[in-house]
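Residue-level listing of the chains:
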There are 2 protein chains.
Amino acid sequence: MLRVLKGNILFAPAFGSLEVIDHGCIVLQDGKITGLFKELPERFQSAESDDFGDALIVPSFCDMHLHAPQYPMLGMGMDLPLLDWLNTYTFKTESRFADPEYARKIYHEFVQKLIDGGTTRVCMFSSLHTDATGILMEELEQAGLCGYVGKVSMDRNSPDYYSETTEESKRETLRWLKESERFQNIRPILTPRFTPSCSDDLMAWLGDLAKERNLPVQSHLSENRGEIAWVKELHPDCERYWETYHKYGLWKNGTLMAHCVYSDETERKAMRDYGVTAVHCADSNINIASGLAPVRQMLSEGVPVVLGSDIAGGAQLNMLDVIQMTIRMSKIKRIESGWTTDFLTVAEAFYLGTSAGAEYFGDRPGFVPGQSLHAVVLDDSAFTETKNLTLKERFERAVYLCKPQQIKAVYGNGKRIK
Amino acid sequence: MLRVLKGNILFAPAFGSLEVIDHGCIVLQDGKITGLFKELPERFQSAESDDFGDALIVPSFCDMHLHAPQYPMLGMGMDLPLLDWLNTYTFKTESRFADPEYARKIYHEFVQKLIDGGTTRVCMFSSLHTDATGILMEELEQAGLCGYVGKVSMDRNSPDYYSETTEESKRETLRWLKESERFQNIRPILTPRFTPSCSDDLMAWLGDLAKERNLPVQSHLSENRGEIAWVKELHPDCERYWETYHKYGLWKNGTLMAHCVYSDETERKAMRDYGVTAVHCADSNINIASGLAPVRQMLSEGVPVVLGSDIAGGAQLNMLDVIQMTIRMSKIKRIESGWTTDFLTVAEAFYLGTSAGAEYFGDRPGFVPGQSLHAVVLDDSAFTETKNLTLKERFERAVYLCKPQQIKAVYGNGKRIK
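Residues numbered from 1 in each chain as written. Chains lettered and ligands numbered in written order. Predicted model: local features only at pLDDT ≥ 70, side-chain atom pairs only at ≥ 80, totals over all residues. Heavy atoms only, no water.

What follows concerns the overall build of chain A. The helix and strand tally for chain A stands at 14 helices and 17 strands. A compact globule built from 418 residues would reach a C-alpha radius of gyration of about 22 Å, and chain A, at 21 Å, matches this within 12%. Buried positions account for 66% of the 418 residues belonging to chain A. Summarising the internal contacts of chain A: among those between residues at least 6 apart in sequence, 74% fall at separations of at least 24. As displayed, chain A has an accessible area near 14,700 Å², and 49% of this comes from carbon and sulfur atoms. (Helix = DSSP H or I, 4+ residues; strand = E, 2+ residues; numbered from the N terminus. Rg over C-alpha atoms; globule rule 2.2 N^0.38 Å. Buried < 20%, exposed > 50% of the residue type's maximum accessible area, 1.4 Å probe, protein only. Contact = heavy atoms within 4.5 Å. Areas by Shrake-Rupley, 256 points an atom, 1.4 Å probe, with all protein chains shown as cover.)

The next thing to look at is the interface of chain B and chain A. If you look at the interface, chain B gives 47 residues, while chain A gives 47 residues. Across the contact surface, chain B and chain A share six salt bridges. Two residues, B:Glu385 and A:Lys105, come together in a salt bridge whose shortest N-O distance is 3.9 Å. Between chain B and chain A we count 17 residue pairs in polar contact (both at pLDDT 80 or more) in total. Among the elements of the structure, helix 2 (100-116), helix 9 (282-287), helix 11 (319-336) and helix 14 (391-401) of chain B are those that each provide at least two residues to the side of chain B that touches chain A. Among the residues making up the side of chain B that touches chain A, the classes are represented as 24 nonpolar, eleven polar and twelve charged. (Salt bridge = Lys/Arg side-chain N within 4 Å of Asp/Glu carboxyl O. Polar contact = N/O pair within 3.5 Å; in protein donor to acceptor, adjacent residues only side chain to side chain. Nonpolar A, V, L, I, M, F, W, Y, C, P; charged D, E, K, R; others polar.)

The next point concerns helix 5 (residues 200-212) of chain B. All names here are of chain B. The end-to-end C-alpha distance of helix 5 is 18 Å, a good match for the 18 Å that 13 residues give at a rise of 1.5 Å each. Taken together, the buried positions of helix 5 are occupied by Leu202, Met203, Trp205, Leu206, Gly207, Leu209 and Ala210. Its buried side turned inward, helix 5 meets strand 8 (152-153), helix 4 (166-179), strand 10 (191-192) and helix 7 (241-246). Asn214 lies just past helix 5 and shows a positive phi near 50°. (Expected span 1.5 Å × (residues − 1).)

All chains considered together, the criterion is met by 61 salt bridges over all chains. Across the pair A:Glu181 and A:Lys178 runs a salt bridge whose closest N-O atoms are separated by 3.4 Å. B:Lys269 is paired through a salt bridge with B:Asp273; the nearest N and O atoms lie 2.7 Å apart. Placement of the pair is B:Lys269 and B:Asp273 together in helix 8 (residues 265-274), with a separation of four residues, close to one helical turn. Taken together, the shared-partner salt bridges connect A:Asp131, A:Arg171, A:Glu172, A:Arg175 and A:Glu179 into one network.

With that settled, the discussion passes to the sheet that holds strand 5 (residues 61-67) of chain B. Strand pairing in a sheet is mediated by backbone hydrogen bonds. Such pairs are either parallel or antiparallel. Residue and element names in this part refer to chain B. Ordered by their spatial adjacency, four strands build an open sheet running 5-6-7-9, and the pairing between neighbours is parallel. The open sheet has two free edges, formed respectively by strand 5 and strand 9 (186-188), since each of these has just one partner strand. Ignoring strand direction, the axes of neighbouring strands in this sheet form an average angle of 25°. Pairing between strand 5 and strand 6 (residues 119-125): five bridges, direction parallel. Its bridge partner being in strand 6, Phe61 is matched across the sheet by Thr119. (Pairing = 2+ DSSP bridges. Axes fitted to C-alpha atoms, helices over the stretch in contact; angles between N-to-C directions.)

Take the confidence of the model for chain A next. For chain A, per-residue confidence averages 97 on the pLDDT scale, and residues scoring 70 or more make up 100% of the total. The ipTM value of the predicted complex is 0.97, and its pTM value is 0.98. (pLDDT = per-residue confidence, 0-100.)

In C-alpha cells:
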C-alpha cells in the first residue's frame with residue numbers, strides 16, 4: 001500500500017551533515033521508502049497521506065545499550081557508590097523478573113515509554129530469566145520495535161539469589177534461543193554480563209555458540225578502573241580487557257561493547273580491526289562517575305560508535321535527552337583537553353543517536369529508498385518564535401527542548417506505532 | 001485565613017540533610033506557615049484544606065541567575081563559539097525587547113513557564129530597556145513570584161544597535177528605579193552586565209547608587225579564561241577580577257556573582273569575607289564549555305552558593321533539571337579530581353536549588369513557622385512501583401524524573417499560583 005508523509009524532512013546522511021527538505025514528502029510502499037520529494041509527483045497524488053503540516057520529520061532513535069529489568073529503578077540510588085548501587089538496587093530489581101507476571105506488567109509499560117520517546121530500534125540486556133526475556137521480546141515485537149535482546153549470562157561473582165550455575169546457564173540459553181524463533185524483528189543476542197560474571201567455561205561455550213549459529217554478542221568493556229583491575233586479576237594472561245572476550249571468540253564483527261571509557265589506543269585499534277562497535281553511554285558514565293569516554297578520538301580512528309541510554313545507570317530513557325547529554329559530555333572533554341578537542345555538534349550527536357545505530361542494523365544513514373521507515377515527527381509549534389526560525393535552527397532547538405509530548409508520531413519498521 | 005496542605009512533606013533544613021513527614025500537614029495563616037504536623041491538631045480541623053494525598057510537598061525553587069530576554073533563544077546556537085553565539089543570537093534577541101509589545105508577549109509566556117517548572121523566587125537580568133524591564137517586573141509580580149530583576153547596564157564594548165551611552169544609562173536607571181516603586185515583591189537589583197561592558201564612570205556611579213539607596217547588585221564573575229584576561233587588560237591595577245567590582249563599591253554583602261568558575265582561593269576568600277554569593281550555573285558552564293566550577297570547594301570554605309538556570313547559556317529552565325545537572329557536574333569534578341572530591345548528593349543539590357536561595361532572600365531553610373509558603377507538589381503516582389518505595393527514594397527519583405506535568409501545584413509567597 002502507498003502512503004505519503006508530509007512535513008519538514010531532516011536527516012543526517014553522513015556524520016556531521018544535515019539534509020533538509022522544506023515541506024517535503026516521504027513516499028512509502030508497504031512501509032518501505034520509495035522516495036523523498038520536494039513536490040509530490042503526479043503518480044502518488046492519490047496515495048493516502050499523513051500530513052504533519054509544519055512539523056519536523058526526522059529519523060527515529062536507536063538505543064543500543066540498556067538494561068530493561070532496571071527500568072523500575074530509573075532515577076534511583078544515584079548517590080550510592082557502584083557496588084552498593086548494584087547490591088541495593090540493581091541485582092534485587094533484576095531478580096524480581098523471575099516472576100513472569102511482574103515482567104509482563106513492567107515490560108508492557110517500559111516498551112510504551114520507549115515508543116513515547118521515539119526509540120524504534122534497540123539492543124538491550126534482559127535479566128538472566130528465560131521466561132521474562134521471552135516476555136520482553138514479545139512486548140517489543142508486538143509494539144513494532146526492532147533489534148536485539150539478550151538473556152544475561154552470569155554464573156559467577158553474582159549474588160546467591162541472582163545467579164545461575166554454568167549448566168543452568170547453558171541449558172537456559174538454548175531454551176531461550178529455541179523460544180526466540182517465533183519472533184521476526186526482535187532477535188536474540190548473546191550477552192555475557194561482563195567478564196567478571198562469566199566463568200571461562202561459560203565464555204568458551206558462548207563463543208562456540210556465537211560461531212556455530214552466527215549470533216551477535218553484546219557486553220561491557222572498560223567502564224571503570226576498578227573493573228579493569230578486576231578483569232586483569234581474573235585473566236592475568238590478557239594484557240587488555242578486550243582480549244578476555246577475544247580469546248573465547250566473542251570479539252568479532254558486529255559485537256557491541258558498552259562504555260569503552262578507558263579503552264586505550266590498542267583496544268580501540270582492536271575494535272576497528274574486528275568491526276566491534278562501541279556504545280557510548282554519556283549519562284550513565286557521569287552518574288556513576290565512571291569517566292569520560294574518548295568519543296571524538298574513537299570516531300577519528302574509525303571505531304564505530306553508537307549511543308545507549310544505559311538505564312538505570314543512565315537516568316534518561318528518552319534518546320533526545322541522551323543525545324543532549326552526549327553533546328554535554330563532549331564539551332566536558334573539550335574543557336578537559338584545554339579546549340583542543342572539538343565537541344560534538346548537534347547534527348553529529350544526532351547522527352550517533354539515529355543513523356549510526358541504523359547502520360549497525362545494516363541500513364544506510366538517513367531516509368534511503370528501499371529501507372523501511374524509522375521516523376519520528378516533532379511538533380515544535382508551541383515553542384516561541386517557530387515561524388521566524390530556519391529549519392536547521394528549529395531542528396537544533398528541538399533536540400534540546402522536545403520531550404515525549406512533542407513527539408507527535410513514531411514510525412517503526414514502516415508502521416505508525418504512535 | 002487558615003489553610004491546611006496535606007501530603008508527604010520533605011525539605012532540607014540544612015545542607016545535606018533531609019527531613020521527612022509521612023502524610024503530614026502544613027498549616028498556613030494568611031499564607032504564612034503556622035506549623036508542620038504529623039497529625040492535624042483539633043484546633044485546625046475546620047480549616048479549608050488542599051489535600052494532595054500521597055504526593056510530595058517540597059520547597060519550591062529559586063532561580064538565582066537567568067537572562068529573561070534570552071528566553072526566545074532557549075536551546076539555540078549551542079554549536080557556536082561564545083562570541084559568535086553572543087553576536088548571532090544573544091544581543092540580537094535581547095535588542096528586540098525595545099518593543100514593549102514583544103516584551104509583553106514573550107514575558108507573559110516566560111513567567112508561566114517559570115511557574116510551571118516550580119520556580120517562585122528569582123534573581124534575573126532583564127535587557128537594557130527600561131520599559132521592557134518594567135513589563136517583566138509587572139508580569140512576575142502579577143503572577144505571584146518574588147525576587148529581584150535588573151535592568152542591564154552596558155555602555156561600552158557592546159554592539160551599536162544594543163548599547164547605551166553613559167548618560168543614557170544613568171538616566172534610564174533612575175527612571176527604572178522610580179517606576180519600580182509600584183512593585184511589592186519584585187524589587188530592583190543593580191546589574192552591570194559584566195566589567196568589560198561598563199565604563200569606569202558608570203561602574204563608580206552604580207556603586208554610589210548601591211550605597212545611597214541600599215540596593216543589591218548582581219553581575220558575572222570569572223566565567224571563562226578569555227574574559228578574565230580581558231578584564232585584566234581593562235583594569236591592570238586589579239590583581240583579580242573581583243577587585244574590579246570592589247573598587248567601585250559593587251562588591252558587598254548580598255552581591256550575587258554568576259559562575260565563579262575560575263575564582264581562585266583569594267577570590268573565594270573575598271566572597272566569603274564580604275558575604276558575596278556565588279551563583280553556580282552548571283548547564284550553562286557545560287554548554288558554553290566555560291569550565292567546571294569548584295562548588296564543593298566553595299561550600300567547604302564558607303562561600304554561599306545558590307543555583308541558576310542561566311538561560312539561554314543554560315538550555316534548561318526547569319530547576320529540577322538544573323539541580324540534576326548540578327549533581328552531574330559535581331560527578332565530573334569527582335572524576336577530574338581522581339575520585340578524591342565528593343560529588344553533591346541529591347539532597348545537597350536540592351538544598352542549593354531551594355533553601356540556599358531562600359536564605360539569600362532572608363528566609364531560614366525548609367518550611368519554617370512565620371515564613372510565607374514557597375512550595376511545589378510533585379505527583380509521582382504515575383511512576384513505576386511508587387507504593388513500594390520509601391519517601392526518601394521517591395524524593396530522589398522525583399528530582400531525576402519529574403517534569404512540569406508532574407508539578408501538580410505551586411505555592412509562591414503563600415498563595416497557590418499553579
